[in-house]
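Results of the structural survey
One-letter residues, chain by chain:
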Amino acid sequence: MRWTPDPEALRDRIAVVAGATRGAGRGIAAALGEAGATVFCTGRSSRSRTCRSDYDRPETIEETAELVSSLGGKGVAVQVDHLDVAQVRALAGRIAAEHDHIDILVNDIWGAEILKGPPSTWGRPMWEHNLEDGLRILRLGIDTHLITSHCLLPLLITRPGGLLVEISDGTTEFNAENYRLSVFYDLAKTAVNRLAFSQGHELAAYGGTAVSVTPGWLRSEMMLDNYGVCEANWEAALDPVRGGGLPTAPPGFAESETPRFVGRGVAAIAADFARPRWNQRSVTSADLARWYGFTDLDGRRPDAWAPM
C-alpha cells in the first residue's frame with residue numbers, strides 16, 4: 001500500500017515557511033498543510049507585485065497558501081523580504097498578536113539560483129567571479145536566515161518542543177569533503193548547516209530542536225523548465241534522442257524528487273515527539289524517508305545522494 005499522510009498529525013500547529021514561493025519551500029509548506037498545520041507562507045513574489053524578486057517567475061506566495069489550504073491545512077500568505085529587518089519584525093508581530101507562538105520555523109530562503117551561474121561557470125577561481133554577485137549570494141543565502149531566526153525564534157521558545165529547520169544543499173559531512181560550485185556558493189551552503197548546529201545548541205536549553213535538511217535532486221519549477229518538461233512527464237528529460245534541441249538530463253536525474261518529498265521529511269520531524277533526536281544534525285530527505293517510512297508523491301523513495 002502507498003504511504004499516505006496523517007491529516008491530523010500537525011493540526012493546530014503554527015508553522016512559518018520562510019521562502020515558500022516555489023521549490024523546496026512550496027513543497028514543505030504543502031506537506032505541513034497535508035498534515036493539518038496552519039502555515040504562514042512568506043516570500044517576495046506576490047500577486048500584488050509590490051516587491052521584486054531576483055527571479056522573473058510566475059509563482060506566488062498566494063498560490064502556495066492556497067495549495068496548503070486545499071490539502072487540509074490553513075495557508076496564510078504574507079509578503080516579506082527576509083533581508084528587510086523591519087518586514088520580518090512585522091511578521092513576528094502579526095504572528096504574536098494572532099497566535100502567541102510558533103511551533104515550526106523553516107528557513108528555506110535562497111533566491112540566488114541565477115547568481116550562482118550555469119554549470120559552465122562552476123569551479124572558476126573566486127577572483128574571476130563578479131564580487132557584487134558573490135556578496136549578494138551570501139546576503140541571500142546566509143543573512144536572510146540570521147535575520148529571520150533573530151526575529152522569530154523568540155516566538156518558538158515560548159513553549160518546549162519548538163522546531164527550527166534549516167534547508168541547505170548537501171549535508172555537513174558531504175560539504176566538508178566536497179567543493180561546492182564556487183567559493184561563494186560553498187560558503188553559503190556550509191554556513192546554513194552550521195547554523196542548524198549552533199542554533200540547536202542554544203535552543204536545547206528551551207526544549208527546542210534545530211536540524212539541517214537537504215533535499216536531493218529537486219524537481220523544482222525552475223529545474224523542470226530547464227529541461228523543458230513538467231512533473232507529469234519529467235522522465236522524458238532522460239531521453240537522449242528527444243527533439244526540440246532541449247538539454248538531456250544526466251542519469252542521476254532518475255533519482256530526482258518532488259519538493260513534497262523533503263516537505264514530508266520536515267512534517268515527519270515536526271510530528272515526532274522524540275524530535276530532539278535530530279537536534280544539531282544534518283540529514284537528507286532520503287535519510288528521513290528511511291527513518292519515518294514516508295514516500296514521494298509517486299510512491300518512490302528516491303535518493304540522489306546515494307553512491308552511484
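Keep in mind that this is a model prediction, so the values were computed, not measured.

Considering all chains together, one arrives at 20 salt bridges under this definition. The residue Glu66 makes a salt bridge to Arg47 at a minimum N-O spacing of 2.8 Å. Pair noted here: Glu66 is in helix α2 (residues 61-70) and Arg47 is in the loop between β2 (38-43) and α2, with a separation of 19 residues, a long-range link. Across the salt bridge formed by Arg300 and Glu255, the nearest N and O atoms sit 3.9 Å from each other. A residue pair is termed long-range when its members are at least 10 positions apart, and Arg300 in the segment after α9 (285-292) and Glu255 in the loop between α7 (221-226) and α8 (259-271) qualify at 45 residues. Its relative accessible area of 31% is what places Glu255 among the partly exposed residues. Via salt bridges that share partners, Arg22, Arg57, Glu59 and Asp225 belong to a single interconnected network.

Next up on the list: the environment of Ala92. Structurally, Ala92 is set in helix α3 (residues 85-99). Using a relative accessible area of 11% as the deciding quantity, one classes Ala92 as buried. Here Ala92 is in contact with Cys151, Leu152 and Leu155, once residues within four sequence places are set aside.

What counts and how
Residues numbered from 1 in each chain as written. Predicted model: local features only at pLDDT ≥ 70, side-chain atom pairs only at ≥ 80, totals over all residues. Heavy atoms only, no water. Salt bridge = Lys/Arg side-chain N within 4 Å of Asp/Glu carboxyl O. Helix = DSSP H or I, 4+ residues; strand = E, 2+ residues; numbered from the N terminus. Buried < 20%, exposed > 50% of the residue type's maximum accessible area, 1.4 Å probe, protein only. Contact = heavy atoms within 4.5 Å.

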